[in-house]
Structures are given as C-alpha cells and as structure tokens.
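Report on the structure
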Amino acid sequence: MKTSRTAIFASGAGSNAENIIRYCAAHPDCGLTVPVVVCNRPDAGVIERARTLGVPVRVMTRAEINDPAAMLAILEEYSVDSIALAGFLLMIPDFLLERYAGRIINIHPSLLPKFGGKGMYGRHIHEAVVAAGETTTGITIHHVSSECDGGRIIFQASIPLPPGTTPADVETAIHALERTHYPRVLATTLSTQV
Ligand code: GRF
C-alpha cells in the first residue's frame, strides 16, 4: 500500500488533528502520514498539540492561504499528496480544489445535509440539533468542494439522542465518534489516491 502524505488544516482546539497524528504513529502501515499542520489562527490549541507530537505547524494568514504561490510553496516543501480538514474554518480556494481534486477531505459533526452550511460549526451545530428535537445525530466525512459542506459523502456514523441530552453531551459523544472513525476513513480513502 502507498502512503499518502496528508497535511492537516485546522483552526481550533485540534483534538481531531491529534487523533490523526497519534493514529499514524500507532499504525505505521496505515497508508497515511502527517508531514505538516497548517493553521490560520496564531492562538489555536492545535499548534501546541501538533508540535508536542513532533509535527511542524505553519501558521498562515487567510491571504497567504488564498495565495497560490505562498500556499503551494509550503505544500511542495512537505511533499503533500492530500489534505485533511479538521475543524478548519476557512473555505478552500479553487486552486487547491483543482490541484488536489478528490484528495481533500473534511469531517463535519452532523449528519449532512442536515445542520450544514454557513454558520454551522462547533457548538452552534449541537445547539441547533438539540433545539430541533432531533432523535439522532452523527458525523459526516466528505470530499471538499466549492460548496460549504456540500461535497460527496464518504462515510457517516450516527448516535441516538435520548430525551434530555444537552449540546455539551452531544459534543462529547461526537468527539468520541470522530476519534473512532476519522483517522481510519482518511487512511483507507487517501492511501488509494496516491
Ligand atoms: C470537530 O467537531 C469537527 O468535526 C469539526 O470541528 C470540530 C473541530 O474540533 N469540523 P477539534 O479542533 O478537532 O477539537
């Protein structure tokens, strides 16, 4: 099996980034390795988490991420084959969608197409799910397209929401689901694309 060199793009706490990096270290033959983390927020928790695990982090402004010369130089420096979004809050520019067609994957913490699109991120999603009286929610792992949360779905997993479940409960359960599935789905999907 070939190994995909997968850059993680993240903006926040970085629990998914950490899970993916740890999974790759624990499963050296899984077909995935993380050469670099790209982050657009200088205060994001993911920076410390990744560096502690020995993965370099490049902090880039939105303008740099949207600049083909600046962005592609970094991806070439680390010989990046594919990109995994893990709590990355910016849209992916068209030049990256073209350059990495079929090789950019995101995880969204709801059962898309429900509770996706602009403004649906983080705790807002779980609050909306509970407010709507949903009896299940889950995660969606999908290809990234120019439409926010609109790319082809690769994998979904769901959990029941018993009466009285709070948004904080949902967040905890969703993180466990993400930990179980995202690294494995990334590895099986991206290792066939190298
Ligand atoms: C996760 O719930 C992920 O599904 C979503 O944003 C959140 C990021 O959390 N896209 P973390 O930064 O990985 O802890």
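Before any of the text, the structure's been laid out above.
Residues numbered from 1 in each chain as written. Predicted model: local features only at pLDDT ≥ 70, side-chain atom pairs only at ≥ 80, totals over all residues. Heavy atoms only, no water.

1. Quick word on unusual backbone geometry
Rules: Labels follow the DSSP assignment, with helices taken as runs of H or I lasting at least four residues and strands as runs of E lasting at least two, numbered in each case from the N terminus.
The amide bond that connects Leu112 to the next residue, Pro113, takes the cis arrangement and shows omega of 10°. A positive phi angle, near 45°, is found at Ser79, a position not held by glycine. Residues other than glycine seldom take positive phi values, yet Asp149 does so here, at roughly 60°. Mapping Asp149 onto the fold places it in the loop between β7 (136-143) and β8 (153-160).

2. Brief notes about the environment of Ala7
Quick note on the threshold: Using a 1.4 Å probe on the protein chains alone, a residue whose accessible area is under 20% of its type maximum counts as buried, one over 50% counts as exposed, and one in between counts as partly exposed. The contact criterion used is simple: two residues touch if any of their non-hydrogen atoms lie within 4.5 Å.
Structurally, the position occupied by Ala7 is in strand β1 (residues 4-10). Here Ala7 falls in the buried class, since its relative accessible area comes to 0%. For Ala7 and Ala17, which are 10 residues apart along the polypeptide, the C-alpha to C-alpha distance reads 9.9 Å. Dropping the residues within four chain positions of it, Ala7 is found in contact with Pro35, Val36, Leu75, Val80, Ser82, Ile83 and Ala84.

3. Comments concerning the packing of aromatic side chains
Two measures describe an aromatic ring pair: the distance that separates the ring centres and the angle between the ring planes. Convention followed: What counts as a ring pair is set by centres within 6.5 Å for rings of Phe, Tyr and Trp (its six-membered ring), and what kind of pair is set by the plane angle: stacked under 30 degrees, edge-to-face over 60, tilted for all other angles.
Scanning the model with the defined rule gives one aromatic pair in all. Plain terms: the ring middles of Phe9 and Phe88 are 5.3 Å apart, the flat faces sit at 70° to each other, and that makes the pair edge-to-face. Taken together, the positions of Phe9 in strand β1 and Phe88 in the loop between β5 (82-85) and α5 (94-99) put the pair 79 residues apart, joining distant regions of the chain. The class for Phe9 is buried, based on a relative accessible area of 0%.

4. Comments concerning the nonpolar core
Basically, it comes down to this: We call a set of buried Ala, Val, Leu, Ile, Met, Phe, Trp, Tyr and Cys residues a nonpolar core when their side-chain atoms join them within 4.5 Å.
Counting 38 residues, the largest nonpolar core has Ile8, Val37 and Tyr182 as the members making the most contacts within it. Here this core gets eight residues from one element, more than from any other, and that element is helix α7 (residues 167-190). Membership of the second largest hydrophobic core comes to 23 residues, among which are Ala7, Ile74, Phe88 and Tyr100.

5. Observations concerning the site of the ligand
Here is the rule we go by: Being near a molecule or strand, for a residue, comes down to having at least one heavy atom within 4 Å of it. Two N or O atoms form a polar contact when they lie within 3.5 Å of each other; inside protein one atom must be a possible hydrogen donor and the other a possible acceptor, and for residues adjacent in sequence the pair counts only when both atoms belong to side chains. Each residue gets one label: Ala, Val, Leu, Ile, Met, Phe, Trp, Tyr, Cys and Pro are nonpolar, Asp, Glu, Lys and Arg are charged, and the others, such as Gly, are polar.
Residues in contact with the ligand, as listed here, are Gly12, Ala13, Gly14, Ser15, Asn16, Gly87, Ile107, Pro109, His175 and Glu178. Between an oxygen atom of the ligand and a main-chain N or O atom of Asn16, the distance comes to 2.9 Å. Taken together, the elements giving at least two residues each to the shell around the ligand come down to α1 (15-26) and α7. Taken together, the residues of the shell around the ligand break down into three nonpolar, six polar and one charged.

6. So, the side chain of Ser191
Following the sequence through the fold, Ser191 ends up in the segment after α7. A polar side-chain atom of Ser191 sits 2.7 Å from the main-chain carbonyl oxygen of Ala187. Not counting chain neighbours up to four residues away, the residues in contact with Ser191 comprise Met1, Lys2, Ser4, Cys30, Gly31 and Leu186.

7. Regarding the pairing of β7
Put simply, the test is: Strands qualify as paired when DSSP identifies two bridges or more between them.
Counted residue by residue, β7 has seven buried out of eight residues, so it is predominantly covered. Taken together, the four bridges between strand β6 (residues 104-108) and β7 define a ladder with antiparallel strand orientation. Counterpart to Asn106 in the pairing with β7 is His142.

8. Observations concerning the side chain of Thr137
By the element assignment, Thr137 lies in strand β7. Under the relative-accessibility criterion, Thr137 is labelled buried at 1%. Residues contacting Thr137, with those up to four places away along its chain left out, are Pro109, Ser110, Leu111, Val129, Ala157, Ser158, Ile159, Leu161, Val170 and Ile174.

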